[in-house]
Each structure stands twice: as structure tokens, then as C-alpha cells.
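# Fold and geometry: a report
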Amino acid sequence: MATITGLQGFFSIPAGTKPSECDRCHQTIYWIEHRCKPKKGETIGKLSRLPISIKDNIHAVAPTDTTWGQGFNHFADCIYAESFRRNT
Ligand SMILES: [Zn+2]
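Residues numbered from 1 in each chain as written. Predicted model: local features only at pLDDT ≥ 70, side-chain atom pairs only at ≥ 80, totals over all residues. Heavy atoms only, no water.

## Observations concerning the confidence of the model for the protein
When pLDDT is averaged along the protein, the result is 85, and 85% of the positions lie at 70 or above. Ranking the helices and strands of the protein by mean pLDDT puts strand 2 (residues 20-21) first, with 96, and helix 2 (residues 81-85) last, with 67. (pLDDT = per-residue confidence, 0-100. Helix = DSSP H or I, 4+ residues; strand = E, 2+ residues; numbered from the N terminus.)

Here you go:
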């Protein structure tokens, strides 16, 4: 397991992660499992699934079958982000 750069706001995408598509804006995204920070009373944070976007950023890298990629949270850049948040 390796983080490529640890850049702020970036998430690592495991090797072999298959591309998917945002069902709102149809941008290519990669679903990753992300361990949230533990809340009060929890020893480890919950696992949640995050859509990671790699579009339009020079630091974003698509994963291959053997190498990790990295990108940023698609919730932050999806043009329909407001509709994601409404449910949370
Ligand atoms: Zn989207």
C-alpha cells in the first residue's frame, strides 16, 4: 500500500480499481473505500465509499492493474454536488 504524494485533499486509488461513471454528470470516477476519522466513542472510523475523480488536475493519476492512482473527492467537484449533499 502506498500513497503517491500525500497531497492535501487527494485520495489514493488502489491498483486494479475499475473506472466507473458518476450517475449525475457522467464523469469517470473510481469508487474507493475510505476510513473516516473515528467519532467520539469509536476506536476506528467507519468505512465509507467515496467517488474519486481524476479529471482536469495535473496531480491526478488513473490507476492501472499494477499501479496506484490518486485523485480528489468527486463530491467536491461534481456539478451536481448539491444533490449529493441533500441526502446526508
Ligand atoms: Zn458527478
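Once you've had a look at it, read on.
## With respect to the coordination of the zinc ion
Distances from the zinc ion to its protein donors, namely Cys-22 (SG), Cys-25 (SG), His-74 (NE2) and Cys-78 (SG), fall within the range 2.0 to 2.4 Å. Coordination at the zinc ion is tetrahedral: its four donor atoms span angles of 103 to 121° at the metal. Mapping the donors of the zinc ion onto the primary sequence gives the spacing C-x2-C-x48-H-x3-C. Highlighted residues: Cys-25 in the loop between strand 2 and strand 3 (28-35) and His-74 in helix 1 (residues 74-77), separated in sequence by 49 residues. Since its relative accessible area comes to 22%, Cys-25 is described here as partly exposed. (Donors = N, O, S within 2.8 Å, 3.2 Å for Na, K, Ca; no water. Tetrahedral: all angles 85-135°; square planar, octahedral: opposite > 155°, others 65-115°. Buried < 20%, exposed > 50% of the residue type's maximum accessible area, 1.4 Å probe, protein only.)

## Regarding the packing of aromatic side chains
Here the structure, examined in full by the defined rule, presents one aromatic pair. Centre to centre, the rings of Phe-10 and Phe-72 are 6.1 Å apart; their planes meet at 80°, and the pair counts as edge-to-face. In this pair, Phe-10 sits in strand 1 (residues 10-13) while Phe-72 sits in strand 5 (residues 69-73), placing the two residues 62 residues apart along the sequence. No difference in accessibility class separates Phe-10 from Phe-72, as the two residues are buried. (Phe/Tyr/Trp six-rings, centres within 6.5 Å; stacked < 30°, edge-to-face > 60°.)

## Notes on the environment of Ala-62
Structurally, the position occupied by Ala-62 is in the loop between strand 4 (47-53) and strand 5. Ala-62 gets classed as partly exposed once you look at its relative accessible area, which sits at 33%. Measuring from C-alpha to C-alpha, the distance between Ala-62 and Tyr-30 comes to 8.8 Å, with 32 residues separating the pair along the chain. For Ala-62, the residues in contact, after removing those within four places along its chain, are Tyr-30, Ile-54 and Gly-69. (Contact = heavy atoms within 4.5 Å.)

## A short note on the sheet that holds strand 4
Pairing in this open sheet of five strands is antiparallel, and the strands run 1-5-4-3-2 from one edge to the other. Each having just a single partner strand, strand 1 and strand 2 make up the two edges of the open sheet. Pairing analysis gives four bridges linking strand 1 to strand 5, with the strands arranged antiparallel. From the neighbouring strand, Phe-10 faces strand 5, where its bridge partner is Phe-72. (Pairing = 2+ DSSP bridges.)

## Topic: the environment of Cys-22
Checked against the element boundaries, Cys-22 lands in the loop between strand 2 and strand 3. Assessed through its relative accessible area of 2%, Cys-22 is described here as buried. Separated by 30 residues in sequence, Cys-22 and Ile-52 place their C-alpha atoms 9.7 Å apart.

## Details of the pattern of salt bridges
Scanning the entire structure with this criterion turns up three salt bridges. Notably, a salt bridge pairs Arg-24 with Asp-23, separated by 3.4 Å at the nearest N-O pair. Of the residues examined, Arg-24 reaches a relative accessible area of 31% and is grouped as partly exposed. (Salt bridge = Lys/Arg side-chain N within 4 Å of Asp/Glu carboxyl O.)

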